[in-house]
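Take a look at the letters that make up each chain.
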Amino acid sequence: MKIKEHSLFAFYQVSQDSHFLHEWARQFLLNFEIPALRFFFQLALNNSLSQIIIRHSLIEPQGFNIFMSDIDLTIIVKKNDDIPKALKAFFDLKQIFLNLGEPEIFTQEEWDQWMALEKPEFAKTWANLFQVRKIFWQKMKQEKSSSLYELAKIQRGLDKSHSKLHAAGSMLYIQRLFPNVPNAEIFCGIEIPYYSKYLNMWVEGSPASRTDSLVCSTNDQVEGLIQLIPGHETVDPKIQSHPLRRYFLFREILLSRAQLRIQQYSHIENELISGWITRLESEMNDLPNQA
């Protein structure tokens, strides 16, 4: 383990229960580091920057830990041509502000399109969907990591995800997480239990036969969820035209674009993400026109 990671891990172990310390640090970052970052971004991007938005643990009073939490930012620029410049500014600043996490960069047009679709109940459902997927990503990282610090960070992330999903174990319940998902009336013929590659977990009706499933009340609800999520065939016109499907598709497109932009800046070619975005955009184009 590197000296930096060894030190952070030691400080983390000693200060786990020191809520005052972590809240004081969070307030310090919000009142001093974040304004400094905004100032430097404004200098670097001049008129290209629209706004900077803080994400994740820094805005969660009970979720921040000075030795584990990164500063995650969403950077919104005026046009697509400003993105490389914004990424350069971010990674230059990351050499100074070592606690910066991974950025999301969008154009103002993308942000406005997102806000036009935004509803509190949709945002909550997407947040739960993201946490379900994040559990799988964290477990994959856990299998590949050998650093005690990284393993502790991953375990902390898993505990936070389960807490946000109100799940003590590995079984999750759709009524609690996705109450606004409609039941399907026309089935696409999936075999239940169904393994969703998008969710990276089994989905089945109640009573559940597995201990690691997302449990729905009925098979109609399983079909409704599977047809609703990005990347799956939708045959039920009611679900095809459901505003939550449009919202899911667009949020997934934005998430994938953000990942692709970082990889392209780092000269990493990822045809899988490019192909995934093309497929999602095609699904968006096939949606019925909104009234």
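Thresholds applied
- The residue numbering used here restarts from 1 in each chain and proceeds along that chain's sequence as written.
- The predicted nature of this model means local features are confined to residues of pLDDT at least 70 and side-chain atom pairs, given and counted, to a pLDDT of 80 or more, with totals for whole chains, interfaces and linings taken over all residues.
- Heavy atoms from the whole structure form the basis of all side-chain values; hydrogens and water molecules are not counted.
- Secondary structure follows DSSP: runs of H or I at least 4 residues long count as helices, runs of E at least 2 residues long count as strands, and numbering of each begins at the N terminus.
- For this measure, only C-alpha atoms enter the radius of gyration; the expected value for a globule follows 2.2 Å times N^0.38, where N is the number of residues.
- Relative accessibility decides the category of a residue: with a 1.4 Å probe and only protein chains considered, values under 20% of the type maximum give buried, values over 50% give exposed, and everything between is partly exposed.
- Contacts were defined at the residue level, with two residues in contact if any of their heavy atoms lie within 4.5 Å.
- The accessible surface values rely on the Shrake-Rupley method and a 1.4 Å probe; as for residues, cover is taken only from the protein chains in view.
- In this count, Lys and Arg are taken as positive residues and Asp and Glu as negative ones, while His and the chain termini are left out.
- Here the site of a charge means atom NZ of a Lys, CZ of an Arg, CG of an Asp or CD of a Glu.
- Any residue with an atom within 4 Å of a point lines the site, the site being either a cavity, points on a 1 Å grid over the protein atoms alone where a 1.4 Å probe fits but cannot get out, or a pocket, an open set with protein on both sides within 12 Å along at least 5 of 7 lines.
- Grid points are joined across faces, edges and corners, and a volume is the space filled by probe spheres set on the points.
- Three categories are distinguished: nonpolar for Ala, Val, Leu, Ile, Met, Phe, Trp, Tyr, Cys and Pro, charged for Asp, Glu, Lys and Arg, and polar for the others, with Gly belonging to the last.
- Two strands make a pair as long as DSSP finds a minimum of two bridges between them.
- Each axis is a line fitted through C-alpha atoms, and for a helix only the stretch in contact is used; angles between axes span 0 to 180 degrees, taken between their N-to-C directions.
- Whenever a nitrogen or oxygen atom comes within 3.5 Å of another N or O atom, the pair is scored as a polar contact, on the condition that within protein one atom can donate a hydrogen and the other can accept it, and that pairs from neighbouring residues in sequence are kept only if both atoms are in side chains.
- With respect to orientation, any angle under 35 degrees is reported as roughly parallel, any angle over 145 as roughly antiparallel, any angle of 65 to 115 as roughly perpendicular, and every other angle as oblique.
- Orienting the strands away from the viewer, one traces the path from the first strand over the helix to the second; a clockwise path indicates a right-handed crossover.
- Criterion for a salt bridge: a side-chain nitrogen of Lys or Arg within 4 Å of a carboxyl oxygen of Asp or Glu.

Engineer: Help me get a handle on the overall build of the protein, residues and values and all.
Structural biologist: The secondary structure content of the protein amounts to eleven helices and seven strands. The C-alpha radius of gyration of the protein comes to 21 Å, within 12% of the 19 Å expected for a compact globule of 291 residues. Judged by the C-alpha coordinates and their principal axes, the protein covers about 55 × 45 × 35 Å. Split into buried and exposed, the 291 residues of the protein put 46% on the buried side. For the protein, the share of sequence-separated contacts (at least 6 apart) that also reach a separation of at least 24 residues comes to 70%. By element, 55% of the accessible surface of the protein is carried by carbon and sulfur atoms, the whole surface being about 15500 Å². Where the 31 positive side-chain charges of the protein centre and where its 34 negative ones centre are 5 Å apart.

Engineer: Can you break down the layout of surface pockets residue by residue, with the values?
Structural biologist: Of the voids in this model, the largest pocket is the one considered here, and its volume is about 2000 Å³. For the largest pocket, the lining is made up of 49 residues, of which Arg55, His56, Asp72, Phe130 and Lys134 are closest to its centre. Elements with a contribution of two residues or more to the lining of the largest pocket: strand 1 (49–55), strand 2 (72–77), strand 3 (104–107), helix 4 (108–117), helix 5 (120–144), helix 6 (148–164) and helix 10 (243–265). The biggest single contributor to the lining of the largest pocket is helix 5, with 14 residues. Of the residues belonging to the lining of the largest pocket, the class tally is 20 nonpolar, twelve polar and 17 charged. Each pocket or cavity is described by its volume, and for the second largest pocket that value is around 510 Å³. Lining the second largest pocket we find 22 residues, and of these Arg133, Lys197, Tyr198, Glu252 and Trp276 sit closest to its centre. Those elements that place two or more of their residues in the lining of the second largest pocket are helix 5, strand 5 (194–196), helix 10 and helix 11 (271–286).

Engineer: So, the sheet that holds strand 5: which residues are in play, and what are the values?
Structural biologist: Strand order in this open sheet of four strands is 4-7-6-5, and the pairing throughout is mixed. Looking at strand neighbours, the two that pair on one side only are strand 4 (172–173) and strand 5, the edges of this open sheet. Taken together, the three bridges between strand 5 and strand 6 (residues 201–205) define a ladder with antiparallel strand orientation. What sits directly across from Tyr195, in strand 6, is Trp202. Each of strand 5, strand 6 and strand 7 (213–216) is contacted by helix 8 (residues 219–228), which is oriented at about 145° to strand 6, the strand it contacts most.

Engineer: Which residues make up the side chain of Glu110, and what are the values?
Structural biologist: Its place among the elements puts Glu110 in helix 4. Its relative accessible area of 6% is what places Glu110 among the buried residues. Here the side chain of Glu110 touches Thr107 through a polar contact of 2.9 Å, landing on its backbone nitrogen. Look past the residues within four positions of Glu110 in its chain and what remains in contact with it is Phe250, Leu254, Arg257 and Arg261.

Engineer: Could you give an account of the sheet that holds strand 1, with specific residues and numbers?
Structural biologist: If you trace the three strands from one edge of the open sheet to the other, you get 1-2-3, paired in mixed fashion. The sheet is open, and its two edges are formed by strand 1 and strand 3, each paired on a single side. Direction aside, neighbouring strands of the sheet carry axes that sit 20° apart on average. Relative to strand 3, strand 2 is paired through four bridges, and the arrangement is parallel. The residue bridging Ile76 from the neighbouring strand is Phe106, located in strand 3. Together, strand 1, strand 2 and strand 3 form the strand contacts of helix 4, whose direction differs from that of strand 3 by roughly 90°.

Engineer: A description of the packing of helix 1 (residues 3–15) against helix 6 should follow, citing residues and the corresponding values.
Structural biologist: The geometry of helix 1 relative to helix 6 is characterised by a closest axis approach of 8 Å and an angle of 45° between their N-to-C directions. When the axis of helix 1 is compared with that of helix 6, the two are oblique. Between helix 1 and helix 6, the contacting residues are Glu5, Leu8, Phe9 and Tyr12 on the first element and Leu148, Tyr149, Glu150, Ala152 and Arg156 on the second. In terms of residue class, the contact of helix 1 with helix 6 is made up of six nonpolar, no polar and three charged.

Engineer: Break down the pairing of strand 3 for me, citing the residues and quoting the values.
Structural biologist: Burial along strand 3 is two-sided: Glu104 and Phe106 facing one way and Ile105 and Thr107 facing the other are all buried. With helix 3 (residues 83–94) bridging strand 2 and the parallel strand 3, this β-α-β connection has right-handed handedness.

Engineer: Break down the pattern of salt bridges for me, with residues and values.
Structural biologist: Oppositely charged side chains may form a pair once their charged atoms are brought near each other. Inspection of every chain in the model, using the stated rule, returns 15 salt bridges. Between Glu23 and Arg26 there is a salt bridge whose closest N-O contact spans 2.9 Å. Taken together, the residues span about one helical turn, with Glu23 and Arg26 both in helix 2 (residues 19–45) at a distance of three residues. For Glu23, a relative accessible area of 26% translates into the label partly exposed. Residue class for Arg26 comes out buried when judged on its relative accessible area of 7%.

Keep in mind these values describe shape, not function.
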